[in-house]
Amino acid sequence: MTGEPTPPRQPPPPRRLTETRRVEHVRSDGNTTPILVSVGYSVDDPLTPIEVFYAEGFRSGADLEFLTQDACVLVSLLLQHGVPPKRIAASMATRETHDGQHVPGSLAGTIAAELTHPPAWVEEITTDPDA
């Protein structure tokens, strides 16, 4: 194999911050599919995602449930090998909607794009208590 060596995997700590989010994937027909994902953050770096898990949204045992679970595992492995969320999201396929917007082309891309948004607690961390 050629190319850059893969950085070693940084497994998540046993305890971590987690935020469950509702994500809406825009399908090719223009309709949306809502799912829930849980994003894990390190206690040492509470603004950087280190893993993502599928929580719910598809019928249990359905192909789409397994596909989404696998996409979350792959995205989590990339995060744990040091690939930033923006790079993951930028590497995914996009498509143009009827109104000219570019949206992720797959559920994996939608999940990756979601990880570029900060957690809800960002304001608590970034607000200066002495201000």
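This is a predicted model, so every value here is computed, not measured.

Rules used in this analysis
- Along each chain, numbering runs from 1 in the same order as the chain's sequence is written.
- Restriction of local features to residues with pLDDT of at least 70 applies here, the model being predicted, together with a cutoff of 80 or more for giving and counting side-chain atom pairs; totals for whole chains, interfaces and linings are based on all residues.
- Derived side-chain values reflect all non-hydrogen atoms in the structure, with water molecules and hydrogen atoms excluded from consideration.
- Comment: elements are numbered from the N terminus, with helices defined as DSSP H or I runs of at least four residues and strands as E runs of at least two.
- Classification of residues uses two cut-offs on accessible area relative to the type maximum, computed with a 1.4 Å probe and protein chains only: under 20% is buried, over 50% is exposed, and between them is partly exposed.
- Positive charges are assigned to Lys and Arg, negative charges to Asp and Glu, while His and the chain termini are left out of the count.
- By convention, the charge on Lys lies at NZ, on Arg at CZ, on Asp at CG and on Glu at CD.
- What goes into a patch is any residue over 30% in relative accessible area without a salt bridge, connected to like charges within 9 Å or, for nonpolar side chains (Val, Leu, Ile, Met, Phe, Trp, Tyr), within 5 Å.
- Note on areas: Shrake-Rupley with a 1.4 Å probe; residue coverage comes only from the protein chains shown.
- By definition here, a salt bridge exists when the distance from a side-chain nitrogen of Lys or Arg to a carboxyl oxygen of Asp or Glu is within 4 Å.

Trainee: Is there a simple way to think about the overall build of the chain in this case?
Mentor: Within the chain one finds 4 helices and 5 strands. By its C-alpha atoms, the chain is 50 × 45 × 35 Å across when sized along the principal axes. The buried share among the 131 residues of the chain stands at 34%. Of note, the chain has its 10 positive side-chain charges centred 6 Å away from the centre of its 18 negative side-chain charges.

Trainee: Help me understand a nonpolar patch on the surface in this model?
Mentor: Residues Val73, Leu74 and Leu77 make up a contiguous nonpolar surface patch of about 260 Å² in total accessible area. Within the element layout of this structure, leucine 74 appears in helix H1 (residues 63–80). The exposed category is assigned to leucine 74, whose relative accessible area is 55%.

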